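Each chain, letter by letter, is given below.
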Amino acid sequence: MLRDVLSRMVRGLAAGVLLLAAAATAQANDADKTLKIGVIYDLTGPFAGGGAALHYLGAKTMIDWFIQKDPIDGYKIEAVYADAQSKPDVAINEAVRLIEQEKVDMLLGFYSSAECVPAAARIEEFKKFMWITTCIASPVLLDRHLNYVFRPQPYGKQWGLASTEMVAAYSKAQLGKDPKDTRVAIIHEDGPYGVDVSKGNEEGAKEGGLNVVLDEGYSANAPDLSSLVTKLKRARPDVILHTGYNPDISLFLRQARELGLRFSALVGHGAGYTDYTRIKQAVGTDANDFFDVDPISIWDTNPKALKPELPPMIQMVGDAYMKALPDTVIKSPHVGMAASNTYLFLSDVLPRAITKFGGVSADALAKAARDTDIPDGGTMLGFGVKFEGVDQSMAGQNTRAFPVVIQYIDDKAYVVWPKSQQQREPVLKLPSSSPYAAQ
């Protein structure tokens, strides 16, 4: 009898020990749950100055904020950063290194479309999730039907359409010319980004009836753009539509001024034009009255139209921005874009992947992204989010994203197009005091 009692006690103790061990193991496993994110931007080379370094700042600010918080549904966030060096082959090699050596669960970032196009295909081969915060060219996604690549940004063609729509709408009132008599020059860097935006310019110019007098590409690494300036002088455009990075934008503006190029309006399309501080460093106050196309700055969105939790986040990002770059004249939308798109992933897509689709595998993250359905006002950028499905031509593209046109006036940025977002009307004619102003 005593032997039986002791035997039952031993078995009970053993079971208790096993339960305690299982509980301890479960707690340890929970503590070990981590989403490891590989973050790739251009921190050196020409793309860094064209906006990539600012996107890095925005993404890192948001990632750091989440790291300091409690785990997201049991998962800690860890980030490993890499420099693409403004070179597509380096971007691909760094992505592979992060996957194979650093064992990251996913990739986030990517500024240049020239890097994004090949990198997306390579990352897809590894069946890893890729969250693009920046690069906009259509070929990144068009007709590729990628399963694991998602872009909450608008895409390049929309940039080109926005600028031409504005010019066509205001040419008569602002320039005194019908669209058919308004002379437009399209100039662009010749990579996927510049070519894609220029296609939007061409399509928009045709739809608006604008007279295209020059359509020219050039290398973003060109040491001299004087021949392009000469062609523009011969073409005599009223409006120049320019897509470039930097330092090519600064080089063009300096040589245009030196060689006496005259025009009524200059519209840039993101990248280098979205960093007003850098443009002003190149040409001073002559940057006044230039236009830029990009998603709206998070600091220009209407806080009353946003979800209530977003304005405090915008304030946090702005504070971090000014602490990092106190000499900033106008907060660049670049920082806000990357911050908003990173916040979207960490606050919406990731929690749903964990709770609804079972974890942080590439398949769970992709299912969670495709399940996203956010109305206008649900992101810091003001637009909503709904991604095209795998069977659609732009699989992974956010169909609710759109850019706006801003104009720099007296060191401030104003949204001038579309009319639904307009803070003031555009002024298409440069003031006579500008060295670029048409006589």
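Residues numbered from 1 in each chain as written. Predicted model: local features only at pLDDT ≥ 70, side-chain atom pairs only at ≥ 80, totals over all residues. Heavy atoms only, no water.

It is worth spelling out empty space enclosed by the protein at this point. What the rule picks out here adds up to two cavities of 30 Å³ or more. Tyr111, Thr134, Ile136, Tyr193 and Ala271 are, among the 16 residues lining the largest cavity, the residues nearest its centre. Among the residues forming the lining of the largest cavity, the class breakdown is eight nonpolar, seven polar and one charged. Roughly 30 Å³ of internal volume is contained in the second largest cavity. Lining the second largest cavity, in full, are Asp292, Asp294, Pro295, Ile296, Ser297, Pro333, Val404 and Ile406. Listed by contribution, the elements that provide at least two residues to the lining of the second largest cavity are strand E10 (291-294) and strand E11 (404-409). In the lining of the second largest cavity, the residues fall into five nonpolar, one polar and two charged. (1 Å grid on protein atoms, 1.4 Å probe; cavity = no way out; pocket = protein on both sides within 12 Å on 5 of 7 lines; lining within 4 Å. Points joined across faces, edges and corners; volume = space filled by probe spheres on them. Nonpolar A, V, L, I, M, F, W, Y, C, P; charged D, E, K, R; others polar. Helix = DSSP H or I, 4+ residues; strand = E, 2+ residues; numbered from the N terminus.)

Next up on the list: the packing of helix H2 (residues 46-68) against helix H10 (residues 310-324). Packing of H2 against H10 leaves a shortest axis separation of 10 Å and a crossing angle of 125 degrees. As the angle between them shows, H2 and H10 are arranged oblique. Handedness of the crossing formed by H2 with H10: right-handed. Mapping the contact onto sequence places Leu54, Leu57, Thr61, Met62 and Trp65 in H2 and Met313, Met316, Val317, Ala320, Tyr321 and Ala324 in H10. Residue classes in the contact of H2 with H10 are distributed as ten nonpolar, one polar and no charged. (Axes fitted to C-alpha atoms, helices over the stretch in contact; angles between N-to-C directions. Parallel < 35°, antiparallel > 145°, perpendicular 65-115°, else oblique. Left-handed = near helix turned anticlockwise from the far one by under 90°. Contact = heavy atoms within 4.5 Å.)

Turning to its location among the elements, Asp286 is positioned in the loop between helix H9 (276-283) and E10. Side-chain polar atoms of Asp286 contact the side chain of Arg257, separated by 2.7 Å. With sequence-adjacent residues up to four places away left out, Asp286 is seen in contact with Arg257, Pro435 and Tyr436. (Polar contact = N/O pair within 3.5 Å; in protein donor to acceptor, adjacent residues only side chain to side chain.)

On to the environment of Gly270. By secondary structure assignment, the location of Gly270 is in the loop between strand E9 (265-268) and H9. A sequence separation of 134 residues divides Gly270 from Ile136, and the C-alpha atoms of the two residues are 9.9 Å apart. Ignoring sequence-local partners within four residues, the contact set of Gly270 consists of Trp159, Tyr193, Gly244, Asp292, Val293 and Asp294.

For the structure on display, the rule yields 19 aromatic pairs. Relative to Trp131, the ring of Phe129 lies with its centre 6.2 Å away and its plane at 20 degrees, an arrangement referred to as stacked. For the pair Phe129 and Trp131, a shared accessibility class is recorded, and that class is buried. The structure contains a cluster of three or more aromatic residues connected by ring pairs, namely Phe129, Trp131, Phe150, Phe345 and Phe387. (Phe/Tyr/Trp six-rings, centres within 6.5 Å; stacked < 30°, edge-to-face > 60°. Buried < 20%, exposed > 50% of the residue type's maximum accessible area, 1.4 Å probe, protein only.)

Attention now goes to the pattern of salt bridges. Considering all chains together, one arrives at 17 salt bridges under this definition. Of the charged contacts, one joins Arg352 and Asp348 as a salt bridge, the two residues approaching to 2.7 Å between their closest N and O atoms. Here Arg352 pairs with Asp348, and both are found in helix H11 (residues 333-357), just four residues apart, close to one helical turn. Of the two residues, Arg352 and Asp348, both sit in the buried class. Here Asp373 ties to Arg400 by a salt bridge, and the two come within 2.7 Å at their closest N and O atoms. Separated by 27 residues along the polypeptide, Asp373 in the loop between helix H12 (362-370) and E11 and Arg400 in the loop between H12 and E11 bring together distant segments of the chain. (Salt bridge = Lys/Arg side-chain N within 4 Å of Asp/Glu carboxyl O.)

The next thing to look at is helix H7 (residues 226-235). Listing the buried residues of H7 in full gives Leu228, Val229, Leu232 and Ala235. For H7, the arc enclosing every buried residue in end-on projection is 120 degrees, short of the 170-degree limit, so these residues lie on one face. Contacts from the buried residues of H7 go to strand E6 (183-189), strand E7 (211-218), strand E8 (239-243) and helix H8 (248-258). Just downstream of H7, Arg236 is the residue with a positive phi angle, here 55 degrees. (Arc of directions from axis to C-beta.)

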